[in-house]
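# Structural overview
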Amino acid sequence: MSYAVIRRRPAARGEAEADGGTPFVIEESAAHLVALASRLFTRALQERLGRYGVSVAQWSMLLLLWEEEGLSQKELSRRQQIEEPTAARTLQRMERDGLIRRIQDGEDNRRRRVVLTERGRELCGELVPAALEVDALATHGLSGDEKRRLLSLLGYIVARLG
């Protein structure tokens, strides 16, 4: 079967393209729209976090550590759904930037736990408002019910693909 990528759906909705292929309508692709929204969210968030010397990847780690300190690198990578080497590089930068420390696990000397430094803890009060600003910008004009529905649908997608 052939596919035709088109910007807008042809006038006869649901009909195959002239060559018999199935149209792929960009504006109707959840994957395309979510990926685009993700890039735009990331850009807006990075503009704000960058003022504090924090990247979006570091922000994601900080969120988990503000919620539960003392997680291992493996636990952090699993919760973020990223590869361990990626988590390791992010944590190395965070350690270099004075946001975290790694300490020996009391039960397993091979494992190290990630804890926040004082600076890492203090950034919560500055970074959370920046993230809330991006959320507010993105959802401006949506009702409370629409925002809840959006979050529900996104949660559904994450659960299906995760």
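Keep in mind that this is a model prediction, so the values were computed, not measured. (Residues numbered from 1 in each chain as written. Predicted model: local features only at pLDDT ≥ 70, side-chain atom pairs only at ≥ 80, totals over all residues. Heavy atoms only, no water.)

### Brief notes about the pattern of salt bridges
Quick reminder of the rule: Any Lys or Arg side-chain nitrogen found within 4 Å of a carboxyl oxygen on Asp or Glu counts as a salt bridge. Every helix listed is a DSSP run of H or I at least four residues long, and every strand listed is a run of E at least two residues long, numbered separately from the N terminus. Relative accessible area decides the class of each residue, using a 1.4 Å probe on protein chains only: under 20% of the type maximum gives buried, over 50% gives exposed, and in between gives partly exposed.
Per the counting criterion, the structure on display carries eleven salt bridges. Close ionic contact of Glu 75 with Arg 113 constitutes a salt bridge, the shortest N to O distance being 2.7 Å. With Glu 75 in helix H3 (residues 73–80) and Arg 113 in strand S5 (residues 112–116), this pair connects stretches of sequence that are 38 residues apart. Arg 111 is paired through a salt bridge with Asp 105; the nearest N and O atoms lie 3.0 Å apart. Here Arg 111 falls in the partly exposed class, since its relative accessible area comes to 32%. Overall, Asp 105 belongs to the buried group, its relative accessible area being 6%. Through salt bridges that share partners, Glu 75, Asp 105, Arg 111 and Arg 113 make up one connected network.

### So, the sheet that holds S5
Each strand in a sheet pairs with another by means of backbone hydrogen bonds, the pair being arranged parallel or else antiparallel. For clarity, the threshold we go by: At least two bridges found by DSSP between two strands is the condition for calling them paired. Should any heavy atoms of two residues lie within 4.5 Å, those residues are counted as being in contact. Angles shown run from 0 to 180 degrees and are taken between the N-to-C directions of axes, each axis being a line fitted to C-alpha atoms and, for helices, limited to the stretch in contact.
The antiparallel open sheet is built from three strands, whose spatial order is S3-S5-S4. Unpaired on one side and paired on the other, strand S3 (71–72) and strand S4 (100–104) mark the two borders of the sheet. Judged from the two bridges that link them, S3 and S5 form a sheet pairing that is antiparallel. In the sheet register, Ser 72 faces S5, and the bridge partner there is Arg 113. Against the sheet, helix H2 (residues 56–67) engages S3, S4 and S5, with an angle of about 90° to S5.

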